[in-house]
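Read off the chains here:
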Amino acid sequence: MFYLIFKNNLGEITFSGSGNSEISVREISGLGTPDKVYRTQEYLDFDGQVTVSSHFAPRTITISFDIVGGNISQKTAEIYRILSQNGTLYTFFDNSQRRIEVNQISVDSFIRHGSRFRSFAVQFICDNPYFSDHSPIYESCYETLGNIVYDEESESWNLDGPSVWGTHSNDKLLINSGDIKSYPTFTICSSGSAADSNGFEILRVNPYNSSEVIQKFSLNYPLSDGETVTVCFDSRSNGNIRSVTNNLGQNLLSYRSEDSSLSDFWIEPGANRIILNNLSSGNSISASISYENQYIEGVF
């Protein structure tokens, strides 16, 4: 079964592929591979042209649909009201569920077919042409594991692992199931105050050889007790700004190492291995990563 839901803070509209629904889709376009824009160069005494670059254009999705049944004037007014504001379009097709952000909306005037039937057409323009899953993926990428556990039944402490109070799990294998690279966001929380300003480093390494570092980002910043630092590599989130901030709203970008750049860290399609190292002493940290699988098609 196939249907779409457009949603914003004014409400939602369900466009159904079933002819028995109150809002039934007659025709839809723009869910496949988006159009590409090419830049070319021509030269004197040179046949043809040279393609210099290409990129996907903004996505245009057009839906022609009918509304039927009673209270049709009220339904029409509600559709116009909801479509007066940008929002998110969700697609549902068999086992595939995806979403895309809508930045511009155009609605054609409806065509009346009696008192219980009206036809519409709406066009959605999406600045980012890629679809993503309905929700971002969240994974823990640094946590402290306790090795000494109290057994209530035997009323004694059991040692599980090496004779230390705790070890760290900081090595994570991530799968990007999308069609293009994804720019993640890391959230690092500190327990206890760091005794130095060595901060932390985030590495993307070869999935089969951890000594081969592919990308690296380091922040030489002393985290305080209870402080949370967010490293956002995604320019399309957070107001279209890559950033490093803490929970006090402070900009920490100046603390990055000289060889670190927010535009040079991403997750490739397929397997990715992420290692996060706490380089400071005197504090312990926990960390998580969020990212989006992005697709060139809304349905398949």
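Attention here is on the structure that accompanies the text.

Cut-offs and rules
Residues numbered from 1 in each chain as written. Predicted model: local features only at pLDDT ≥ 70, side-chain atom pairs only at ≥ 80, totals over all residues. Heavy atoms only, no water. Salt bridge = Lys/Arg side-chain N within 4 Å of Asp/Glu carboxyl O. Helix = DSSP H or I, 4+ residues; strand = E, 2+ residues; numbered from the N terminus. Buried < 20%, exposed > 50% of the residue type's maximum accessible area, 1.4 Å probe, protein only. Core = buried A, V, L, I, M, F, W, Y, C linked by side-chain atoms within 4.5 Å. Contact = heavy atoms within 4.5 Å. Patch = residues over 30% accessible without salt bridge, like charges linked within 9 Å, V, L, I, M, F, W, Y side chains within 5 Å. Areas by Shrake-Rupley, 256 points an atom, 1.4 Å probe, with all protein chains shown as cover. Phe/Tyr/Trp six-rings, centres within 6.5 Å; stacked < 30°, edge-to-face > 60°. Lys NZ or Arg CZ within 6 Å of the ring centre and 35° of its normal. Pairing = 2+ DSSP bridges. Axes fitted to C-alpha atoms, helices over the stretch in contact; angles between N-to-C directions.

1. A word on the pattern of salt bridges
Next up, step 1: As enumerated under the stated definition, the model contains nine salt bridges in all.
Next up, step 2: Ionic pairing is found between E292 and R99, a salt bridge with its closest N-O pair at 2.8 Å. Of the two residues, E292 sits in the loop between β24 (284–291) and β25 (294–295) while R99 sits in strand β8 (residues 96–102), which places them 193 residues apart along the sequence. The same class applies to E292 and to R99, which are both buried.
Next up, step 3: Residue K172 pairs with E139 through a salt bridge whose shortest N-O separation is 3.5 Å. A residue pair is termed long-range when its members are at least 10 positions apart, and K172 in strand β17 (residues 171–176) and E139 in strand β13 (residues 137–146) qualify at 33 residues.
Next up, step 4: Judged by its relative accessible area of 28%, E139 falls in the partly exposed class.

2. Some remarks on the nonpolar core
Next up, step 1: In terms of nonpolar packing, the biggest core is built from 27 residues, with F186, I188, F200, V229, V231 and L276 touching the most fellow members.
Next up, step 2: Of all the secondary structure elements, the ones that give two or more residues to this core are β13, β18 (185–191), β19 (200–206), β20 (209–219), β21 (228–232), β23 (270–278) and β24.
Next up, step 3: Top element by residues in this core is β24. It accounts for four residues.
Next up, step 4: Contacts of I188, omitting those with residues within four sequence positions, involve F200, L223, E227, T228, V229, V231, L276, I285, S286 and A287.
Next up, step 5: Core analysis: the second largest hydrophobic core is formed by 25 residues, L4, F65, I67 and I100 among them.

3. Points about a nonpolar patch on the surface
Next up, step 1: On the surface, a nonpolar cluster with roughly 350 Å² of combined accessible area is contributed by Y43, F46, V50 and V52.
Next up, step 2: Its location among the elements puts V50 in strand β5 (residues 50–56).
Next up, step 3: By relative accessible area, which is 30% here, V50 ends up partly exposed.

4. Quick look at the packing of aromatic side chains
Both the distance between ring centres and the angle between the ring planes are used here to describe each pair of aromatic rings.
Next up, step 1: A full pass over the atoms with the stated rule returns 14 aromatic pairs.
Next up, step 2: Between Y80 and F120, the ring centres sit 5.8 Å apart and the planes meet at 65 degrees, which makes this aromatic pair edge-to-face. Here F120 lies in strand β11 (residues 117–126) and Y80 lies in helix α1 (residues 72–82), a separation of 40 residues in the sequence.
Next up, step 3: Taken together, the ring pairs in this structure connect F15, F65, Y80 and F120 into an aromatic cluster.
Next up, step 4: A cation sits over an aromatic face here: R98 above Y295, 3.7 Å from the ring centre.
Next up, step 5: We note K181 situated over the ring of W266; from NZ or CZ to the ring centre the distance is 3.8 Å.

5. Observations regarding the sheet that holds β17
Next up, step 1: With antiparallel pairing, the four strands of this open sheet are ordered in space as β17-β23-β19-β20. Unpaired on one side and paired on the other, β17 and β20 mark the two borders of the sheet. Neighbour-to-neighbour, the strand axes of this sheet turn through a mean angle of 30 degrees, independent of strand direction.
Next up, step 2: Examined bridge by bridge, β17 and β23 share six bridges and lie antiparallel to one another. Note on β23: the bridge partner recorded for N176 is G270.

6. Digging into the environment of N220
Next up, step 1: Along the polypeptide, N220 turns up in the loop between β20 and β21.
Next up, step 2: With a relative accessible area of 33%, N220 lands in the partly exposed category.
Next up, step 3: C-alpha separation for the pair N220 and S280, spaced 60 residues apart in sequence, amounts to 9.1 Å.
Next up, step 4: The contacts of N220, once residues within four sequence positions are left out, are S197, N198, Y255 and S257.

7. A closer look at unusual backbone geometry
Next up, step 1: Here the phi dihedral of D45 falls at roughly 60 degrees; this positive angle occurs in a residue that is not glycine.
Next up, step 2: On the secondary structure map, D45 appears in the loop between β4 (36–41) and β5.
Next up, step 3: Take D45: its relative accessible area is 79%, and that puts it in the exposed class.
Next up, step 4: The phi torsion at D94 lies on the positive side, around 50 degrees, for a residue other than glycine.
Next up, step 5: Structurally, the position occupied by D94 is in the loop between β7 (87–93) and β8.
Next up, step 6: Residue D94 is classed as exposed on the basis of its relative accessible area of 54%.

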